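Read off the chains here:
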Amino acid sequence: MKILAIGAHPDDVEMGCGGLLAMDGISKHILHLSNGETSKYADGKTRKKEAEAAARVLTAHVHFFDIPGRGITADEKTCLRLVALIREIRADFLVTHWEMDGHPDHRGAHDLVRKAFFLSGANVDMDASPWKCRNLLYFHPFSSGYGFTPEFVLDITAVYVKKLEALRSHRSQESFALPQVDAVSRYFGQNSGVERAEPFRAEFPLVVNPGSLFITGGQ
Ligand SMILES: [Zn+2]
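Residues numbered from 1 in each chain as written. Predicted model: local features only at pLDDT ≥ 70, side-chain atom pairs only at ≥ 80, totals over all residues.

On to the overall build of the protein chain. When helices and strands are counted, the protein chain shows six helices and seven strands. In sequence order, the protein chain lays out its α and β elements as β-α-β-α-β-α-β-α-β-β-α-α-β. The C-alpha atoms of the protein chain give a radius of gyration of 16 Å, which matches the 17 Å a tight globule of 219 residues would have. A buried classification covers 42% of the 219 residues belonging to the protein chain. Partitioning the intrachain contacts of the protein chain with sequence separation of at least 6 by distance along the chain shows that 78% fall at a separation of at least 24. (Helix = DSSP H or I, 4+ residues; strand = E, 2+ residues; numbered from the N terminus. Rg over C-alpha atoms; globule rule 2.2 N^0.38 Å. Buried ≥ 20, exposed ≤ 12 C-beta atoms within 10 Å, placed from the backbone. Contact = placed C-beta atoms within 7 Å.)

Dropping the structure here:
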């Protein structure tokens, strides 16, 4: 199984789905659309190095689009660039920002990824042949919640330490990110009968095998 997680800024996907990316037995790719140079804590060069360090912790391939901050949109050129990457990786699942996120870069990333998700499987005239991903997942919006209600949660208790290690690689953002991740993972975990969980929404209903339905969690 291959996952391509796409975030507007370095550390977005580590916060939102770092537990999923910390799991073994799957092929993982991370795409950072911008280098986060609009951060008040560090410049783009520093944040790119931090992102590379985090990807090493997660044993994920890392990609950068180097789009300037506040410039992430679903324009045709960027969308086709993303379609080309999705087709090259042949990702089974994409993971990105939810649509009701207050940060304009996050919303721009959502629009871009959702458009590319559909176009990848369509007959868009490009070198690579069409590739249909199985689903598009959305992680929790940390910058503003707007009442995010998950459609499923992933038990990340066993890999939470690795998720924290990846987040700590983003040294410039550490003080801001860690308390939020601690609160969200604990809240959604305890509401689902596990210690730590990552909440998600999905573009299409998830397919669950009967044997895996009641393995963990539940009240
Ligand atoms: Zn962000």
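Having put the structure on the table, let's press on.
Let us look at helix α1 (residues 12-22). Burial of α1 is extensive: 11 of the 11 residues sit out of reach of the surface. Regarding α1, the residues found buried are Asp12, Val13, Glu14, Met15, Gly16, Cys17, Gly18, Gly19, Leu20, Leu21 and Ala22.

So, about the sheet that holds strand β3 (residues 61-64). Here we have seven strands laid out as an open sheet, ordered β3-β2-β1-β4-β5-β7-β6, and mixed in their pairing. The outermost strands of the open sheet, each flanked by one partner alone, are β3 and β6 (152-155). Geometrically, the sheet is characterised by an average inter-axis angle of 30° between neighbouring strands, direction not taken into account. Here strand β5 (residues 135-139) pairs with strand β7 (residues 197-202) via three bridges, running antiparallel. Considered in β7, the bridge of Leu137 is made with Ala202. Here helix α2 (residues 44-58) sits on the sheet in contact with β2 (27-32) and β3, set at roughly 155° to β3. Relative to the sheet, helix α6 (residues 174-190) contacts β6 and β7, its axis offset from that of β7 by approximately 80°. (Pairing = 2+ DSSP bridges. Axes fitted to C-alpha atoms, helices over the stretch in contact; angles between N-to-C directions.)

Here α2 spans 21 Å end to end across 15 residues, near enough to the 21 Å set by a 1.5 Å rise per residue. Arg47, Glu50, Ala51, Ala54, Ala55 and Leu58 are the residues of α2 that are buried. The buried residues of α2 occupy an angular sector of 140° when projected down its axis, which confines them to one face. Away from its buried face, by an angle of more than 90 degrees, α2 presents the exposed residues Lys45 and Arg56. Each element contacted by the buried residues of α2 is listed here: α1, β2, β3 and α5 (160-169). A positive phi of about 50° marks Thr59, the residue just after α2. (Expected span 1.5 Å × (residues − 1). Arc of directions from axis to C-beta.)

In this section: the pairing of β5. Across the five residues that make up β5, a large majority, four, are buried. Where strand β4 (residues 93-97) meets β5, five bridges bridge the pair, whose relative direction is parallel. Bridge pairing in β5 places His97 opposite Phe139. Taking the sense of rotation as the criterion, the β-α-β connection linking β4, helix α4 (residues 104-120) and β5 turns out right-handed. (Right-handed = clockwise from strand over helix to strand, strands pointing away.)

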